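Commentary on secondary and tertiary structure
Residue-level listing of the chains:
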Amino acid sequence: MRRYCSIAMAALMLLCSCSDKRYIEPFSMQEEICMELGGRLIFKYNPGQCQLSFNRDRCEFRVSTDNMSDFYSLTLSEIPSEQGQEVTGSLIWTTPSDIYTKRNVTFETIKLEGDMIWLWTHNGRIGVVVRMLD
C-alpha cells in the first residue's frame with residue numbers, strides 16, 4: 001500500500017510541476033517590471049504613470065501608480081544573488097476591488113539580469129519582477 005501511495009504522490013508532484021511550467025516560461029520572458037497571478041497580468045510598471053521604490057536594508061520592493069491607487073509591495077528575507085535560490089517573503093497587492101496579502105511565501109529566483117529579479121512562488125502561481133535601485 002505504501003508503494004502505491006508513493007507512486008501516486010510522485011505522479012501528483014510531476015503533474016503539478018508540469019502545469020507550473022506553462023506559467024513560468026512565459027513569465028520568465030517578461031521584460032518589464034510586473035506582477036502575474038496564474039498567468040494573468042495583475043500590474044505592469046509604466047514609467048510615465050508609476051513609481052518604483054527599493055530599500056536594501058529592509059529587502060523591500062514597491063511598485064505603484066503615481067497616486068498609489070494600484071500597487072504591489074514585496075518584502076524578502078534576503079536579496080537573491082543566484083538563479084534557483086529560494087527566499088521567503090510577504091507580498092501585498094491591489095485589484096480594482098480589494099487588497100490582498102500573502103505572508104511567509106517561498107519564492108524561487110527564476111532569473112537575474114542586471115538589476116532585475118524574476119521571482120516565482122509555486123504556491124499560488126505568483127510571479128513578480130522587481131528592480132534594485134542602487
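Preceding this paragraph is the structure being described.
Quick summary incoming for the structure in this document. Starting from 1, residues in each chain are numbered consecutively following that chain's sequence as written. Reporting of local features is limited, given that this is a predicted model, to residues whose pLDDT is at least 70; pairs of side-chain atoms are given and counted only at 80 or more, and all residues count toward the totals for whole chains, interfaces and linings. Neither water nor hydrogens contribute to the side-chain values; these are computed over all heavy atoms in the structure.

Here we take up the overall build of the protein chain. The helix and strand labels rest on DSSP assignments: H or I over at least four residues marks a helix, E over at least two residues marks a strand, and numbering proceeds from the N terminus. When helices and strands are counted, the protein chain shows one helix and nine strands. Mapped from its N terminus to its C terminus, the protein chain presents α and β elements in the order α-β-β-β-β-β-β-β-β-β. Taking all 134 residues of the protein chain together, the buried fraction comes to 37%. Throughout, a contact is declared for two residues whenever any of their heavy atoms are within 4.5 Å. The long-range share in the protein chain, meaning contacts at least 24 apart out of those at least 6 apart in sequence, stands at 39%. Areas reported as accessible are Shrake-Rupley estimates using a 1.4 Å probe. Residue values count occlusion only from the protein chains shown. Within the structure as shown, the protein chain displays about 8400 Å² of accessible surface, and the carbon and sulfur contribution to it stands at 51%. Three exposure classes are used, based on accessible area relative to the maximum for each residue type with a 1.4 Å probe and protein chains only: buried under 20%, partly exposed in between, and exposed over 50%.

This part takes up the pairing of strand S3 (residues 50-55). In terms of strand pairing, S3 meets strand S4 (residues 60-65) through six bridges, oriented antiparallel. Residue pairing for S4: Ser53 is matched across the bridge by Arg62. Hairpin connection between S3 and S4: a loop of four residues separates the two successive antiparallel strands, and Cys59 in this loop has a positive phi of roughly 50°. The pairing criterion is simple: DSSP has to find at least two bridges between the two strands.

Here we come to the packing of aromatic side chains. Two rings from Phe, Tyr or Trp (for Trp, the six-membered ring) form a pair when their centres sit within 6.5 Å of each other. Planes less than 30 degrees apart are called stacked, planes more than 60 degrees apart edge-to-face, and all others tilted. The tally for this structure, following the rule as stated, stands at four aromatic pairs. Each ring, one from Phe54 and one from Phe61, has its centre 4.9 Å from the other, and the planes form 35°; the classification is tilted. Judged by relative accessible area, which is 13%, Phe54 ranks as buried. A relative accessible area of 1% places Phe61 in the buried class.

With respect to the helices and strands, the residue Ser73 is situated in strand S5 (residues 71-76). Setting aside its immediate chain neighbours within four residues, Ser73 contacts Glu60, Phe61, Arg62, Ser90, Leu91 and Ile92.

On to the environment of Arg40, then. Position of Arg40 relative to the elements: it lies in strand S2 (residues 40-44). Spatially, the C-alpha atom of Arg40 lies 9.4 Å from that of Ile126, the residues being 86 residues apart in sequence.

Let's shift gears to the nonpolar core. Throughout this description, the term nonpolar core refers to a set of buried Ala, Val, Leu, Ile, Met, Phe, Trp, Tyr and Cys residues connected via side-chain atoms within 4.5 Å. With 33 residues, the main nonpolar core has Tyr72, Leu91, Phe107 and Val128 as its most contacted residues. Not counting the four nearest positions on each side in its chain, Val128 is found in contact with Phe27, Cys34, Met35, Tyr72, Leu74, Leu91, Phe107, Ile117, Trp118 and Leu119.

This next bit is on the pattern of salt bridges. Where charged atoms of side chains with opposite charge meet at close range, the side chains can pair. Salt bridges are defined as contacts in which a side-chain nitrogen from Lys or Arg sits within 4 Å of a carboxyl oxygen from Asp or Glu. By the definition in use, this model includes five salt bridges. The closest approach of N and O atoms between Glu60 and Arg58, which form a salt bridge, is 3.0 Å. A relative accessible area of 11% places Glu60 in the buried class. Glu60 serves as the salt-bridge partner of Arg62, at 3.3 Å between the closest nitrogen and oxygen.

The subject of this paragraph is unusual backbone geometry. Outside of glycine, negative phi angles account for most residues, and trans bonds account for most peptide bonds. Positive phi is not limited to glycine here, since Cys59 has a value of about 50°. Along the polypeptide, Cys59 turns up in the loop between S3 and S4. Classification of Cys59 by relative accessible area gives buried; the value is 11%. In this structure, Asn104 is a non-glycine residue whose phi angle is positive, near 55°.

Moving on, we get to the sheet that holds strand S6 (residues 86-94). With antiparallel pairing, the nine strands of this open sheet are ordered in space as S2-S1-S9-S8-S7-S6-S5-S4-S3. A single partner strand is all that each edge strand has here, and the edge strands are S2 and S3. Strand-to-strand twist in this sheet, taken as the mean axis angle between neighbours without regard to direction, amounts to 25°. Axis geometry follows a simple rule: fit a line to the C-alpha atoms, using only the stretch in contact for helices, then measure angles between N-to-C directions, giving values from 0 to 180 degrees.

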